[in-house]
Amino acid sequence: MKSTVFTAKHESLGAKMHEFAGYNMPIEYSGINDEHLTVCRSVGVFDVSHMGEFWIKGPQALPLLQKICSNNLASLPLGKAQYNCFPNEKGGIVDDLIVYHVELEKYMLVVNASNIEKDWNWCKLHNTEGAIMENASEHTALLAIQGPKALATLQKLTTVDLSSIPYYGFTTGELAGEKHVIISNTGYTGAGGFEIYFYPENGLKIWDAIFEAGAEFGIKPIGLGARDTLRLEMGFPLYGNDLDDTTSPLEAGLSWITKFVDGKNFIARNILEKEKSEGSVRKLCGFEITEKGIPRHGYPIVDEKGEEIGVVTSGTMSPLMKKGIGMGYVKPQFAALDSVIYIRIRNKDIAAKVVKPPFRK
């Protein structure tokens, strides 16, 4: 397995380690529920250095991105980031990602760890424009500092006015004495905070400085287990669960990042325009269990007659709400808010109500 610059640190802190996307990653430290609540109420730190980072540069950078991305990069200002996806030729999703507009002809793409090679090859395959491409994944470390005390923690370590960085905005500055750190007001927890990108050789110094700065707030390291429950409480989709090569952005509820603007002839645009006009054959919906039970990925969703109408793609017991929550694809007629559906858990059909995420208000 691959390691991040923080792997030995996780092990020394007693983390429960497990393979994820080819990396030896911390799943939990003090327990998923405790870590989840720490992020909701104070501040926690995630090592997400396994994520991939690509630089797309030069005069042909924007034309390439407009072709391979569903969202409209032409409207993305400097210093802002944008949630996006790569559609495949059949209208499915190669990956979801975040695109950073760093300089006039320079963009950084942050992709899922499990898809780094796949995404890189996809970008190379379609780079007929001749954009300059650089895979910087092995030379970039990434920490997510999340929670209501994240700003107060990091502000001790930088002269950058963090409160002036808007949501999905970013800047490059000095942090913990290290220059050229990208400080981004983003994260996949819904609890607020920042993601910081830096050279791995500076990682341990930055880690120690963050934990010293956050000590008064009860800062804790957080594993990937709580990252998953946090994103699910917000209804954020996860690639490999809720999104994959067979799911379209429209049926996944991502029409807001699928822009059919003039002059943007992105991959599978004609297929997705047809789907938008005719309607999707299934729809991703959120649901709350109204009885006792915990939904899990792969569980069947059935109607009142017990006939299968869909499948659970993500599910858990919400640490904050103390109830089973999840997301899954169902036939469109069952996706209306307040519809009653049933999750088949150990051969028993458990009632659930369709709700609109986020589950955590």
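What counts, and where the lines are drawn
What you see as residue numbers is a count from 1 along each chain, following the sequence as written. Predicted model: local features are reported for residues with pLDDT of at least 70 only, side-chain atom pairs are reported and counted for 80 or more only, and whole-chain, interface and lining totals are derived from all residues. To obtain the side-chain values, all non-hydrogen atoms of the structure were used and water was disregarded. In DSSP terms, a helix is any run of H or I states spanning at least four residues, a strand is any run of E spanning at least two, and both are numbered starting from the N terminus. Put simply, the radius of gyration uses C-alpha atoms, and a globule should come to 2.2 Å times the residue count raised to 0.38. Any residue under 20% of the maximum accessible area for its type is buried, any over 50% is exposed, and the rest in between are partly exposed; the area is computed with a 1.4 Å probe on protein chains only. Pairing between strands is defined by DSSP: at least two bridges between the two strands are required. Under this scheme, a helix contributes an axis fitted over its contacting stretch, all axes are lines through C-alpha atoms, and angles between N-to-C directions fall in the 0 to 180 degree range. Should a side-chain nitrogen of Lys or Arg be within 4 Å of a carboxyl oxygen of Asp or Glu, the pair is scored as a salt bridge. Scored between 0 and 100, pLDDT is the confidence that the predictor attaches to each residue. The contact criterion used throughout is that any non-hydrogen atoms of two residues lie within 4.5 Å. Definition of nonpolar core: a set of buried residues of the types Ala, Val, Leu, Ile, Met, Phe, Trp, Tyr and Cys, connected through side-chain atoms within 4.5 Å. Two N or O atoms count as a polar contact when they lie within 3.5 Å, although within protein this holds only if one can serve as hydrogen donor and the other as acceptor, and sequence-adjacent residues are included solely when both atoms are side-chain atoms.

A. Expanded view of the overall build of the chain. Helix and strand counts for the chain stand at 8 helices and 19 strands. For 361 residues, the compact-globule formula gives about 21 Å, and the C-alpha radius of gyration of the chain, at 21 Å, lands near that figure. Principal-axis analysis of the C-alpha atoms places the extent of the chain at approximately 65 × 50 × 40 Å. Looking at the chain as a whole, 57% of its 361 residues are labelled buried.

B. Layout of the sheet that holds strand 14 (residues 283-289). A barrel is described by the order of its strands in space; here 6 strands give the closed sequence 14-17-16-15-18-19, paired in antiparallel fashion. Strand-to-strand twist of the sheet, defined as the mean angle between neighbouring strand axes without regard to direction, takes the value 45°. In this sheet, strand 19 (residues 348-355) lies alongside strand 14 in antiparallel orientation, the contact comprising 4 bridges. Bridge pairing links glutamate 288 to lysine 353 in strand 19.

C. The arrangement of the pattern of salt bridges in detail. Taken as a whole and assessed by the stated rule, the structure comprises 15 salt bridges. A salt bridge links arginine 282 to glutamate 251; the shortest N-O distance between them is 3.0 Å. Placement of arginine 282 in the loop between helix 8 (269-278) and strand 14 and of glutamate 251 in the loop between helix 7 (224-233) and helix 8 is noted, with a sequence separation of 31 residues between them. For arginine 282, a relative accessible area of 26% gives the class partly exposed. Three or more residues joined by partner-sharing salt bridges are found here, namely Asp228, Arg231 and Asp242.

D. Inspection of the confidence of the model for the chain at higher detail. When pLDDT is averaged along the chain, the result is 98, and 100% of the positions lie at 70 or above. Mean pLDDT values for the elements of the chain range from 97 in strand 1 (residues 16-20) up to 99 in strand 7 (residues 106-111).

E. Representation of the environment of alanine 176 in the model. Within the secondary structure, alanine 176 is located in the loop between strand 10 (170-175) and strand 11 (178-184). When its relative accessible area of 12% is taken as the criterion, alanine 176 is described as buried. Linking alanine 176 and alanine 74, residues 102 residues apart in sequence, is a C-alpha distance of 34 Å. Once you skip the residues sitting within four places of it in the chain, alanine 176 turns out to touch Leu157, Lys205, Ile206 and Ala209.

F. Examining the sheet that holds strand 10 more closely. Read from one edge of the open sheet, 6 strands run 10-11-12-9-3-13, paired in mixed fashion. Each of the sheet's edge strands pairs with one partner strand only, and the pair in question is strand 10 and strand 13 (220-222). Between one strand axis and the next, the sheet turns by 30° as a mean value, whatever way the strands run. Pairing geometry for strand 3 (residues 44-47) and strand 9 (residues 141-146), over 4 bridges, is antiparallel. Paired with phenylalanine 46 across the strands is alanine 144, a residue of strand 9.

G. Representation of the nonpolar core. The biggest cluster of nonpolar side chains holds 38 residues, and the ones touching the most others in it are Phe46, Tyr83, Tyr100, Met108, Tyr197 and Leu243. Elements that contribute at least two residues to this core include exactly helix 2 (32-41), strand 5 (81-87), strand 6 (93-103), strand 7, strand 9, helix 7 and strand 17 (324-330). When neighbours within four sequence positions are excluded, methionine 108 is seen to be in contact with Glu53, Phe54, Trp55, Ile98, Val99, Tyr100, Val102, Ile182 and Tyr197. Ranked by size, the runner-up nonpolar core spans 28 residues in total, among them Val45, Leu162, Ile183 and Ile219.

H. The pairing of strand 10, seen in detail. As paired elements, strand 10 and strand 11 share 5 bridges and run antiparallel to each other. In the sheet register, threonine 172 faces strand 11, and the bridge partner there is isoleucine 182.

I. Summary view of the pairing of strand 14. With 6 of 7 residues buried, strand 14 lies mostly within the body of the structure. Of the strand pairs in this sheet, strand 14 and strand 17 are connected by 6 bridges, and their pairing is antiparallel. Note that in strand 17 the partner of glycine 286 across the bridge is methionine 327.

J. Quick peek at the side chain of glutamate 288. Within the secondary structure, glutamate 288 is located in strand 14. Classification of glutamate 288 as buried rests on a relative accessible area of 14%. Among the polar contacts made by the side chain of glutamate 288, one reaches the side chain of lysine 323 at a distance of 3.3 Å. Beyond its immediate sequence surroundings of up to four residues, glutamate 288 is in contact with Met321, Lys323, Gly324, Ile325, Ala352, Lys353, Val355 and Phe359.

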